[in-house]
Amino acid sequence: TSHLIYTPNNSSYATLIQIENQRPAATFPEKPLLIFTPFYEHQIRLAIHCSKKLGVEIRLRSGGHDYEGLSSASEVTFMVVDLRNLRAVKIASNEKTAWVQAGATLGQLYHTLAQKSRTLAFTAGVCPTVGVGGHISGGGYGMMSRKHSLAADNIVDARVMNSDGQILNRRSMGEDLFWAIRGGGGTSFGIVLAFKVNLVTVPETLTVFNVTRTSEQNATQLVHRWQYIADKVDENLLLRLFLRSVTSPVTGNRTVIASFTTLYLGGVQDLLPLMKQQFPELGLVEKDCTEMSWIESVLFFAGLQNKPLDVLLETAPPSRQYFKGKSDYVQEPIPLDGLQGIWRFMHEEDEMGSRLELSPYGGVLNSFSESETPFPHRSGNIFIIEYGVYWHSSKGNNEEQGDQKHIKWMRRLYSYMATYVSKNPRAAYINYRDLDLGMNNNSAGNTTTCYEQARVWGMKYFKNNFQRLVRVKTKVDPTNFFRNEQSIPPYAAISVYSS
Ligand code: FDA
C-alpha cells in the first residue's frame, strides 16, 4: 500500500478488506468507511482523531486472521486501522530478544530469525500468514509450546498506543496493562504497536514426522491411547493430532484419517526409543522421520516443505473459503464410544469439510498459575480441540441456507461434545474466537458493552482473570474507546445495567 487512507472509491480498497475467512464478510454487510494504513506509529493518531471526530468505532487489523473477522467486519459503522506497513523485526542475538512490530506476520518473524542463526527461534503458531498483533496478544500456541510455552508468555516489553494517542512501554504502562496484553486478546486495551519477545535456543537438528492412520488402521484406538500420553510425554516432544473424514479408496465408505503431526526437539536416534517407550502403539519407525533445522520444520508444518524460504514472506492469498471454528478443552480422556460419536458427525459433513485439530498441553504450560497471565488454560488440561468446518459458499439464492447447514452442523457437534469437555466454565481459547459464545450489543450504530453479558464469554476465555481484565480496562480505557463485538467492557457499564 502506498497511501495512508483508503476510501471505498479507491481501487485498492476491495483488496485491503479481504480477510482469511469469507464468512464474516458475508454475515456483516457493513464495510469500513475508511481504512488507515499507517507507515509510522505517530500517523495512527490521525485515525484516533478521525474516529472521535466522526463518532465512528475503530477496528484494528494486524494479520486479518480473526476467526470471526472482527478486524475488518462489523455490524456497526466503523473504520479500520490496518497495521500491515508496521512490520519491522529487529533481532538482538546477543540478548536473545526481538522487537517485532504488530503488522509483521509470524512467517516474516521466523524468516528473519533464520537469516541470523540456525538455533535461534520463537515459539508461536504454525500458520505463517497469521499476524503478530492479534496472535501474540491472545496467547499463541505452536509446535514448541510444551517446551517453550506460548508466544504471550515470552513477551518482555511492548509498545502500546492509548486512546489519547500516547505511546506507552512496559514501564510507563504499568504492570496491570502489561499483564492484560499478554493473553487478554487484542482490541480492548489499546493499539499494540510492537512486542519485545524472548527468543529460544533450539538444537541444530530437530526431527519431524507426520504419521497417518485410517479407521481401518486402528485410528480410533490410537487416538484414544494418545489422550493418555500427549500431555505427559517428554516436553521436547509435541504430537499434534489432525482428524479428517474422507472416502476410503479401499472400502468406498467414509473413514477417519488421523494424522499424528509431530516435532521433536532433538535427533531421530533419541526420538525412536522415546516413542517406543511412551507411545509404542503408533509403531513409529525411522523412515517415518525426517531430521531438519528449525526453520525447515516451520515450512514442514505449514505444508510448504521444499519451498524456498521466501515463501514465508508471502501474505495470505485471496480465498473463497468460508470457515467456522470453535474450541474446547479436554481434561479427561474421551472414551472410545465418545470418539466414535465424533466420527459419525464428521462423516455427516462434506468430505474434507470438517477438520479437528487436537493440540496437547502439559509440559511447561503447567508451570504457570492460572492468573499469571490472562490465558488461564494451564494444568489440568490434556489438550485443546479446535473444531473447524470449511466450505465454498454455494452461489445464488440458497447461499444463506447452504452456509447455515455447515454452521448448524458445528453447533450440533459442539452440543454433543458437552459431556466430554471442561465444565463450569466450558473453557474456550480467545484466539479461536467464537461469537456463538456471546456478543456485545450493537445499538444506534455503536457497540455497547455490559459486564453481565460479557462475563458469559469472558469467563470461558479467561476464567477468573476476566474480573481483573475488566478492572484494567476500567483504568486504562474508561471511555471504552477500544471495543468490538467481543471486547472487555469497563465497569461503568455495570451501573447502567444494574440500576
Ligand atoms: P487480526 O488482525 O484479525 O486480529 C485478531 C484480533 O486482534 C482482532 O480482534 C483485532 O482487532 C485484534 N488486533 C489485531 N491487531 C491488533 C493490535 N495491533 N493491537 C490490538 N488489537 C489488535 N492460533 C494459535 O494459537 N496457533 C496456531 O497455530 C494458529 N493457527 C492459525 C491458522 C489459521 C489459518 C488461522 C486463520 C488462525 C490461526 N490461529 C492460530 C489463530 C490466530 O492466533 C488468531 O486468529 C489471531 O487472533 C490472529 O491474529 P491476526 O493479527 O492475524 O488477526
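Model, not experiment: these values are computed from the prediction.

Some words on the packing of helix α13 (residues 451-462) against helix α14 (residues 465-476)
- As a packed pair, α13 and α14 sit with axes 8 Å apart at the nearest point and diverge in direction by 125 degrees. What the angle tells us is that α13 and α14 run oblique. Regarding α13 and α14, the two cross each other, and that crossing is right-handed. Contacts between α13 and α14 pair Y451, A454, R455, G458, M459 and F462 from the former with N465, F466, Q467, L469 and V470 from the latter.
- Its residues assigned to classes, the contact of α13 with α14 comprises seven nonpolar, three polar and one charged.

Observations concerning the pattern of salt bridges
- Here the structure, examined in full by the defined rule, presents 27 salt bridges.
- Ionic pairing is found between R225 and E281, a salt bridge with its closest N-O pair at 3.0 Å. Residue R225 is located in helix α8 (residues 219-229), and its partner E281 is located in the loop between α9 (268-278) and β15 (289-292); the two are separated by 56 residues in the primary sequence.
- Residue R225 is classed as partly exposed on the basis of its relative accessible area, which comes to 31%.
- On the accessibility criterion, E281 (39% relative accessible area) is partly exposed.

Considering the pairing of strand β3 (residues 57-61)
- Along β3, five of the five residues are buried, which leaves the element largely enclosed by surrounding structure.
- Note: β3 against strand β4 (residues 78-82), five bridges, orientation parallel. Within the sheet, the bridge partner assigned to E57 lies in β4 and is F78.

Digging into the site of the ligand
- Near the ligand lie 33 residues; those nearest to it are L60, S62, S71, H135 and Y429.
- Here an oxygen atom of the ligand sits 2.9 Å away from a polar atom, N or O, in the main chain of H65.
- Protein burial of the ligand: of its 960 Å² of free accessible surface, 92% is covered by the chains.
- Only β3, α5 (132-137) and β10 (191-198) provide two or more residues apiece to the shell around the ligand.
- Looking at the shell around the ligand element by element, the count peaks at three residues for α5.
- For the shell around the ligand, a count of residues per class yields twelve nonpolar, 16 polar and five charged.
- Taken domain by domain, the makeup of the shell around the ligand includes at least three residues from each of domain 1 (5-82) and domain 2 (89-201).

Some words on the packing of aromatic side chains
- Applying the stated rule across the entire model yields 20 aromatic pairs.
- With centroids separated by 5.3 Å and ring planes inclined at 15 degrees, the aromatic side chains of Y67 and Y432 adopt a geometry described as stacked. Placement of the pair is Y67 in the loop between β3 and β4 and Y432 in the loop between α12 (399-417) and β19 (441-443), with a sequence separation of 365 residues. As far as the burial class goes, Y67 and Y432 line up, both buried.
- Ring plane angle 85 degrees and centroid distance 5.3 Å describe the contact between Y110 and W294, whose orientation is recorded as edge-to-face. Highlighted residues: Y110 in helix α4 (residues 106-116) and W294 in helix α10 (residues 294-301), separated in sequence by 184 residues.
- For W294, a relative accessible area of 4% corresponds to the buried category.
- Taken together through their ring pairs, the aromatic side chains of Y67, Y141, F323, Y329, Y361, F375, Y390, Y429 and Y432 make up a single cluster.
- Lying over the aromatic face of F368, R378 brings its terminal NZ or CZ to 4.4 Å of the ring centre.

Here's the deal with the confidence of the model for the chain
- When pLDDT is averaged across the chain, the result is 94; 97% of the residues are at 70 or more.
- Contacts for the low-pLDDT stretch residues 493-499, under 50 throughout, to residues beyond four places or in other chains number eight contacts.

Some thoughts on the environment of A73
- Relative to the assigned elements, A73 resides in the loop between β3 and β4.
- On the basis of relative accessible area, A73 is assigned to the buried category, the value being 2%.

Looking at the pairing of β4
- With five of its five residues buried, β4 lies for the most part within the structure.
- Both faces of β4 are covered, namely the face carrying F78, V80 and D82 and the face carrying M79 and V81.
- Summarising the sheet, strand β2 (residues 35-36) and β4 pair through two bridges and their orientation is parallel. Residue pairing for β4: F36 is matched across the bridge by V81.

Side note on the domain arrangement of the chain
- Domains assigned within the chain are domain 1 (5-82), domain 2 (89-201) and domain 3 (206-291 + 321-418).
- Each of domain 2 and domain 3 has a C-alpha centre, and the two are 27 Å apart.
- Listed as interface residues are 18 residues of domain 2 and, on the opposing side, 28 residues of domain 3.
- Summed over both partners, the interface of domain 2 with domain 3 buries about 1800 Å², with 62% contributed by carbon and sulfur atoms.
- The largest share of the area that domain 2 buries against domain 3 comes from Y141, M143 and R146, three residues that together contribute 48% of it.
- In this structure, the connection of domain 2 to domain 3 is made through one salt bridge.
- The residue D153 makes a salt bridge to R378 at a minimum N-O spacing of 2.9 Å.
- Counting across the domain 2 and domain 3 interface gives twelve residue pairs in polar contact (both at pLDDT 80 or more).

Some thoughts on the side chain of D82
- Along the chain, D82 turns up in strand β4.
- A residue is classified by how much of its surface remains accessible, and D82, at 0% relative accessible area, is buried.
- Here R84 takes part through its side chain, which lies 2.8 Å from a polar atom of the side chain of D82.
- Beyond its immediate stretch of four places on either side in the chain, D82 contacts L16, I35, F36, T37, P38 and R61.

Basis of the calculations
- Residues numbered from 1 in each chain as written.
- Predicted model: local features only at pLDDT ≥ 70, side-chain atom pairs only at ≥ 80, totals over all residues.
- Heavy atoms only, no water.
- Axes fitted to C-alpha atoms, helices over the stretch in contact; angles between N-to-C directions.
- Helix = DSSP H or I, 4+ residues; strand = E, 2+ residues; numbered from the N terminus.
- Parallel < 35°, antiparallel > 145°, perpendicular 65-115°, else oblique.
- Left-handed = near helix turned anticlockwise from the far one by under 90°.
- Contact = heavy atoms within 4.5 Å.
- Nonpolar A, V, L, I, M, F, W, Y, C, P; charged D, E, K, R; others polar.
- Salt bridge = Lys/Arg side-chain N within 4 Å of Asp/Glu carboxyl O.
- Buried < 20%, exposed > 50% of the residue type's maximum accessible area, 1.4 Å probe, protein only.
- Pairing = 2+ DSSP bridges.
- Near = heavy atom within 4 Å.
- Polar contact = N/O pair within 3.5 Å; in protein donor to acceptor, adjacent residues only side chain to side chain.
- Areas by Shrake-Rupley, 256 points an atom, 1.4 Å probe, with all protein chains shown as cover.
- Domains from an automatic or database assignment.
- Phe/Tyr/Trp six-rings, centres within 6.5 Å; stacked < 30°, edge-to-face > 60°.
- Lys NZ or Arg CZ within 6 Å of the ring centre and 35° of its normal.
- pLDDT = per-residue confidence, 0-100.
- Buried area = accessible area lost by both parts, 1.4 Å probe.

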